[in-house]
Amino acid sequence: MSSKEGFNRLAVNLFEKARTLPKIEWIDLATFYDPRSTVLVTTPSADKQSSPFCHNFNIVERINITGGDAAYIENLQKKRSGAEVMYTVGGGRAIDLARLLAYTWNMDITAVPTIISTDSPFVDCTGVREDGCVHYIKSKKADRVFLDFSLLKKSPDALHAGGAGDVLSIYTALSDWKLASDRQVAKADEPYSIAVADQAQGILDYLMANRSEIHTMSQRGLESLVKALAMEVELCNLYGNSRPEEGGEHFFAYAIEPRLPHTTHGELVGLGILVTSLIQYQKLQPVLEFMNTIGMNYRPKGFTRAILDETLRGMPSYVNRHGLRYSVWNEYCYNKKQVSEILDALNS
Ligand SMILES: [Zn+2]
């Protein structure tokens, strides 16, 4: 067995023997029956997409998510639902907020993703957007995650492909984690662990090895994506935080997000991985080829040279101002020539 296969197997064990993940089940939603009174947390588009699948739910209340900033969330939290259980149907943001509401209201929650676009269905925290950055607050993990292949296939394949972002980010996050350790600036909660880094690498290898299957977006392909995301979450839970998976690529994504507000997290993280790899002097080709094979979009709509330029110039002060973990951005010096190199690489 090669060492790569060894890491791969080690990583898959994280899924099969997971201790911190919600129960993940593939089901046929149209034939699933739950008589309990239900509050459905969704978005207008996900509601439209999923309503033919949700005949057998006793929906007594609907919450349509239309915002995501702190004031909007606080307002929602004040209205306690009278339903017995919560279901949330949608993408990352709907699920993120629903888990926070379920935590506030102490309710049982089932997450039904319509897109596999982030690790949101599997985590126990919620990203809140405030002051141009994203910070994470405690919420609850879903009690279970239902995956319905027919419902998932109603979403464009490119949106699912974006889900690879929260696993591919290991590529740049590991480099930043090592940098913090080498510079002796790692905080008490982020000691560098070769064993954890190797497992993270194993999860990344697993994702990369399943590229042809993911490209087809068959049930097996989506399952590989779900497994990789779930293993990444399990590893971060066991380690204690998301240091092995979240680094400069996420910080870049957070910084550029207000300039590209209608873009998915996966697309922004994808772009962040490519830009950050170049700043880290890492090889771009393996990740770029993978993204192209699975059809992941890393050139969000509205992305321009001016936006890239402005974001890059601001990165060192941005990571300092928001107290983000140490990364290559703490050492970055803006260089006009490099902006052209980045754009060339993105367009290659
Ligand atoms: Zn993420």
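Residues numbered from 1 in each chain as written. Predicted model: local features only at pLDDT ≥ 70, side-chain atom pairs only at ≥ 80, totals over all residues. Heavy atoms only, no water.

**Student:** I'd like a description of helix 8 (residues 170-182), backed by residues and values.
**Tutor:** Here helix 8 is 13 residues long and its end C-alpha atoms lie 18 Å apart, about the 18 Å a rise of 1.5 Å per residue gives. The set of residues buried in helix 8 consists of I170, Y171, T172, A173, L174, D176, W177, L179 and A180. Those residues of helix 8 that are buried lie in contact with helix 7 (165-168), helix 9 (194-209), helix 11 (219-239), helix 12 (248-256), helix 13 (265-279) and helix 14 (285-294). Directly beyond the C-terminal end of helix 8, a positive phi value near 60° is found at Q184. (Helix = DSSP H or I, 4+ residues; strand = E, 2+ residues; numbered from the N terminus. Expected span 1.5 Å × (residues − 1). Buried < 20%, exposed > 50% of the residue type's maximum accessible area, 1.4 Å probe, protein only. Contact = heavy atoms within 4.5 Å.)

**Student:** Outline empty space enclosed by the protein, supporting the account with residue identities and numerical values.
**Tutor:** Enumeration according to the criterion identifies 2 cavities of 30 Å³ or more in this entry. For the largest cavity, the calculated volume is near 40 Å³. Surrounding the largest cavity, S117, A158, L159, G162, T264, G266, E267 and N297 form its lining. Looking at side-chain class alone, the lining of the largest cavity contains 2 nonpolar, 5 polar and 1 charged residues. Of the voids in this model, the second largest cavity is the one considered here, and its volume is about 30 Å³. As for the second largest cavity, its lining consists of L29, L40, C54, F57, I59, Y87, V89 and V112. Sorting the residues of the lining of the second largest cavity by element identifies strand 3 (57-64) and strand 4 (85-90) as the ones contributing at least two each. (1 Å grid on protein atoms, 1.4 Å probe; cavity = no way out; pocket = protein on both sides within 12 Å on 5 of 7 lines; lining within 4 Å. Points joined across faces, edges and corners; volume = space filled by probe spheres on them. Nonpolar A, V, L, I, M, F, W, Y, C, P; charged D, E, K, R; others polar.)

**Student:** Account for the domain arrangement of the protein chain, naming residues and giving values.
**Tutor:** How big an interface is tends to be stated in terms of accessible area lost as the parts join. We note that the domain assignment places domain 1 (28-147) and domain 2 (157-347) within the protein chain. Taking only C-alpha atoms into account, the centre of domain 1 sits 26 Å from that of domain 2. Of the residues lining the interface, 16 residues belong to domain 1; the matching set on domain 2 comes to 22 residues. Summed over both partners, the interface of domain 1 with domain 2 buries about 1600 Å², with 62% contributed by carbon and sulfur atoms. (Domains from an automatic or database assignment. Buried area = accessible area lost by both parts, 1.4 Å probe.)

**Student:** Go over the pattern of salt bridges with me, naming the residues and quoting the values.
**Tutor:** Side chains that carry opposite charge are capable of pairing whenever their charged atoms lie near each other. With the rule as written, the count across this model stands at 19 salt bridges. A salt bridge links E331 to R183; its shortest N-O distance comes to 2.7 Å. Here R183 lies in the loop between helix 8 and helix 9 and E331 lies in the loop between helix 15 (305-321) and helix 16 (336-347), a separation of 148 residues in the sequence. Put simply, D189 and R325 hold a salt bridge, and the shortest N to O gap is 2.9 Å. One end of the pair, D189, is in the loop between helix 8 and helix 9; the other, R325, is in the loop between helix 15 and helix 16, with 136 residues separating them in the sequence. In the salt-bridge network here, residues are joined through shared partners; they are D189, E190, R243 and R325. (Salt bridge = Lys/Arg side-chain N within 4 Å of Asp/Glu carboxyl O.)

**Student:** Account for the pairing of strand 8 (residues 144-147), with residues named and values stated.
**Tutor:** Across 4 bridges, strand 1 (residues 23-26) lies against strand 8 in parallel orientation. Bridge pairing in strand 8 places K23 opposite R144. Where strand 5 (residues 108-113) meets strand 8, 2 bridges bridge the pair, whose relative direction is parallel. Across the sheet, the residue bridging to A111 is V145, located in strand 8. (Pairing = 2+ DSSP bridges.)

**Student:** Kindly report on the coordination of the zinc ion, identifying the contributing residues and their values.
**Tutor:** The zinc ion binds to the protein through D166 (OD), H250 (NE2) and H265 (NE2); the donor distances cover 2.1 Å. Mapped onto the sequence, the residues coordinating the zinc ion show the spacing D-x83-H-x14-H. With D166 in helix 7 and H250 in helix 12, the pair connects residues that are 84 residues apart, well separated along the chain. Grouping residues by exposure puts D166 and H250 together as buried. (Donors = N, O, S within 2.8 Å, 3.2 Å for Na, K, Ca; no water.)

**Student:** Break down the packing of aromatic side chains for me, citing the residues and quoting the values.
**Tutor:** Two aromatic rings are characterised by how far apart their centres lie and by the angle between their planes. A full pass over the atoms with the stated rule returns 7 aromatic pairs. On the basis of an interplanar angle of 40° and a centroid distance of 5.9 Å, the ring pair of F32 and F57 is categorised as tilted. With F32 in the loop between strand 1 and strand 2 (34-42) and F57 in strand 3, this pair connects stretches of sequence that are 25 residues apart. Take F32: its relative accessible area is 25%, and that puts it in the partly exposed class. Grouped by ring-pair contacts, the aromatic residues F32, F57, Y87 and F146 constitute a single cluster. (Phe/Tyr/Trp six-rings, centres within 6.5 Å; stacked < 30°, edge-to-face > 60°.)

**Student:** So what's going on with the confidence of the model for the protein chain? Residues and values would help.
**Tutor:** Taken residue by residue, the protein chain gives an average pLDDT of 93. The fraction at 70 or more is 97%. Confidence, read as mean pLDDT per element, is least for helix 1 (residues 3-16) in the protein chain (68) and greatest for helix 8 (98). (pLDDT = per-residue confidence, 0-100.)

**Student:** Break down the sheet that holds strand 5 for me, citing the residues and quoting the values.
**Tutor:** Spatially, 6 strands are ordered 1-8-5-4-2-3 in an open sheet, and the strand pairing comes out parallel. Looking along the sheet, the strands with just one partner apiece sit at the ends: strand 1 and strand 3. Across the sheet, the mean angle separating the axes of adjacent strands is 25° when strand polarity is ignored. Bridge count for strand 2 against strand 4 is 5 bridges, and the pairing is parallel. (Axes fitted to C-alpha atoms, helices over the stretch in contact; angles between N-to-C directions.)

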